[in-house]
Amino acid sequence: MDNKYKVTALKWRPKKFEDVVYQSPVTTTLATAIKTGRIAHAYLFTGPRGVGKSTVARIFARAVDCLNPQNGEPCEECENCKLSLEGRGLDIIEIDGASNRGIDDMRSLQESARYTPTHGKYKIYIIDEIHMITREGFNAFLKTLEEPPEHIIFIGATTEPIKVFPTIISRCQRFDFRRIPITEIINRLKYISEKENISIDDESLITIAKKGDGSMRDSQSIFDQVISSCGSEVTIQKLSEVMNLVSTEYYFKVTDLIKEKNSKGGFELIEFLVSQGYDIHEFILGLLDHFRNLLHTVVTGTGITLETSEEYKQKYIAESKFFSESDVLRMMKLLSDLEINYKYFNQPRLRFEMTLMQMIKMDKTVYIDKLLQEIEELKKKVDSGL
């Protein structure tokens, strides 16, 4: 029995199209192509990292060589499927475009493509990071792509399609993979947690999913790191310690300081963050996200679609009563300018202190509008001789 540890991204990698998260436009089309026999000789999968490009390529490769495909899906029971799942299949060749990018590598691929499959109907080449292939390599590859042998399928995967030659793209069926929403990542992590008997609260799942930034693989890697440190019971407190995260409460503390016009409290908060070893740049990014949530709540009057826990949704609704849309936009502009130029500052802490003081001392837009109105009324009185 093999008791070797497998990271979550590998252990729970989808084996069928139906298991792939949030890419149904792609998977449905590919499954239909297999059912109807309308299989092209070249495909290009594009999209952000960790959204399922290589996984779907492997599923598609198994499905086209499956001896008994079920509704366009690989059966996982036939000899070809078992060989592929065990990594012993000779007809599915995976190539790293970053390491095999030159003209000689492409010529070797051309030579290899001449030989017929060992077990299945097709020999499938999956070329990861295909945009890394050199100009000479692409030119050498182009002839094979134009007139491929009947038994060959090429699948290129890339995060940067703009770097792939148009002549290559024009000869491929292109499928664009979407960035995975936080809710879909949360649901998947929750499913994995239940199967692995891991207790994890909703706020921790939200935090991990947000850190993953639309990548299922990145989110699962963070999930692994957290489980390694926290064990089978994960809370937001443990998670914050492991990842050195700033609690959302500190972001609400900033809005409290602004409401109270508490400059002293602003300096004390920054001193505390620095003394605890928090990354100021990360805090600024988190603060921008906090004000984005606040702006959304001010504009819409609801926190339903916010990517946070139910408790904090209610807090944002309460906070929104103290700020106008213009107020939040002005503060976000200050923070955005600070974040953009942060890496160029010699004294980033000083710059953050200055920005926070500006936010705390900033007059409300309502007050400015009222002042301008009073000036206008006074001007009318002067003009009329009163």
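Everything below is about the structure shown above.
First, a word on what this report is: a plain description of the structure on this page. (Residues numbered from 1 in each chain as written. Predicted model: local features only at pLDDT ≥ 70, side-chain atom pairs only at ≥ 80, totals over all residues. Heavy atoms only, no water.)

**Things to note about the overall build of the chain**
Counting its regular elements, the chain contains 18 helices and seven strands. By the compact-globule yardstick of 21 Å for 386 residues, the chain is too spread out, its C-alpha radius of gyration being 28 Å. Based on the C-alpha atoms only, the size of the chain along its principal axes is roughly 95 × 55 × 40 Å. Buried positions account for 45% of the 386 residues belonging to the chain. (Helix = DSSP H or I, 4+ residues; strand = E, 2+ residues; numbered from the N terminus. Rg over C-alpha atoms; globule rule 2.2 N^0.38 Å. Buried < 20%, exposed > 50% of the residue type's maximum accessible area, 1.4 Å probe, protein only.)

**Some details on a nonpolar patch on the surface**
Together, Tyr-5, Val-7 and Leu-10 line one region of the surface with nonpolar side chains, adding up to about 320 Å² of accessible area. On the secondary structure map, Tyr-5 appears in the segment before α1 (8-11). (Patch = residues over 30% accessible without salt bridge, like charges linked within 9 Å, V, L, I, M, F, W, Y side chains within 5 Å. Areas by Shrake-Rupley, 256 points an atom, 1.4 Å probe, with all protein chains shown as cover. Salt bridge = Lys/Arg side-chain N within 4 Å of Asp/Glu carboxyl O.)

**Thoughts on the sheet that holds strand β3 (residues 123-128)**
One open sheet accounts for five strands, arranged β2-β3-β4-β1-β5; its pairing is parallel. Unpaired on one side and paired on the other, β2 (92-96) and β5 (173-176) mark the two borders of the sheet. Looking at each pair of strands side by side, their axes are set apart by 15° on average, direction ignored. In terms of strand pairing, strand β1 (residues 42-46) meets β5 through four bridges, oriented parallel. When the bridges of β5 are listed, Tyr-43 appears paired with Gln-173. Running over the sheet, helix α3 (residues 53-65) touches β1, β2, β3 and β4 (152-158) and is turned about 175° from β3. With respect to the sheet, helix α5 (residues 103-113) is in contact with β2, β3 and β4, its orientation differing from that of β3 by roughly 165°. (Pairing = 2+ DSSP bridges. Axes fitted to C-alpha atoms, helices over the stretch in contact; angles between N-to-C directions. Contact = heavy atoms within 4.5 Å.)

**Some thoughts on the side chain of Asp-65**
The residue Asp-65 is located in helix α3 in this model. Lacking a salt bridge, the buried Asp-65 has Lys-121 as its closest oppositely charged neighbour, with an N-O distance of 8.3 Å. Ignoring sequence-local partners within four residues, the contact set of Asp-65 consists of Asn-80, Asp-91, Gly-120, Lys-121, Tyr-122 and Ile-124. (Lys, Arg positive; Asp, Glu negative; His and termini not counted.)

**A closer look at unusual backbone geometry**
Of note in this structure, Tyr-22 is not a glycine but carries a positive phi near 65°. Residue placement: Tyr-22 occurs in the loop between α1 and α2 (24-36). A positive phi is found at Asp-213, a non-glycine position, where the angle reads about 55°. Along the chain, Asp-213 falls in the loop between α9 (202-212) and α10 (216-230). Classification of Asp-213 as partly exposed rests on a relative accessible area of 47%.

**Description of the pattern of salt bridges**
A complete count under the given rule lists 17 salt bridges for this structure. One salt bridge in this structure joins Glu-282 and Lys-211, with 3.6 Å as the shortest N-O distance. With Glu-282 in helix α14 (residues 280-300) and Lys-211 in helix α9, this pair connects stretches of sequence that are 71 residues apart. Classification of Glu-282 by relative accessible area gives partly exposed; the value is 40%. On the accessibility criterion, Lys-211 (38% relative accessible area) is partly exposed. One salt bridge connects Lys-259 with Asp-256, and the closest N-O pair in it is separated by 3.4 Å. Placement of the pair is Lys-259 and Asp-256 together in helix α12 (residues 248-260), with a separation of three residues, close to one helical turn. When salt bridges that share partners are traced, they join Asp-256, Lys-259 and Glu-319 into one network.

**Focus: the packing of aromatic side chains**
This structure, assessed with the given rule, holds 11 aromatic pairs. Between Tyr-43 and Phe-60, the ring centres sit 5.0 Å apart and the planes meet at 65°, which makes this aromatic pair edge-to-face. Separated by 17 residues along the polypeptide, Tyr-43 in strand β1 and Phe-60 in helix α3 bring together distant segments of the chain. With a centroid separation of 5.7 Å and an interplanar angle of 15°, the aromatic rings of Phe-252 and Tyr-312 are classed as stacked. Of the two residues, Phe-252 sits in helix α12 while Tyr-312 sits in helix α15 (residues 310-319), which places them 60 residues apart along the sequence. For Phe-252, a relative accessible area of 3% gives the class buried. Residue Tyr-312 is classed as buried on the basis of its relative accessible area of 5%. An aromatic cluster is built from Tyr-43, Phe-45, Phe-60, Phe-175 and Phe-177, whose rings are joined through pairwise contacts. One residue, Lys-259, lies across the ring of Phe-322, its end atom 4.2 Å from the ring centre. Here the basic side chain of Lys-315 rests over the ring of Phe-252, its NZ or CZ set 4.7 Å away from the ring centre. (Phe/Tyr/Trp six-rings, centres within 6.5 Å; stacked < 30°, edge-to-face > 60°. Lys NZ or Arg CZ within 6 Å of the ring centre and 35° of its normal.)

**Considerations on the side chain of Glu-73**
Within the secondary structure, Glu-73 is located in the loop between α3 and α4 (79-85). Within the buried set, Glu-73 has no salt-bridge partner at all; the shortest N-O distance to an opposite charge, 6.2 Å, is to Lys-16.

**Describing the environment of Val-234**
Following the sequence through the fold, Val-234 ends up in strand β7 (residues 233-234). Under the relative-accessibility criterion, Val-234 is labelled buried at 1%. When residues no more than four places from it in sequence are discounted, the contact partners of Val-234 are Ile-198, Ser-199, Ile-200, Asp-201, Ser-204, Val-226 and Ile-227.

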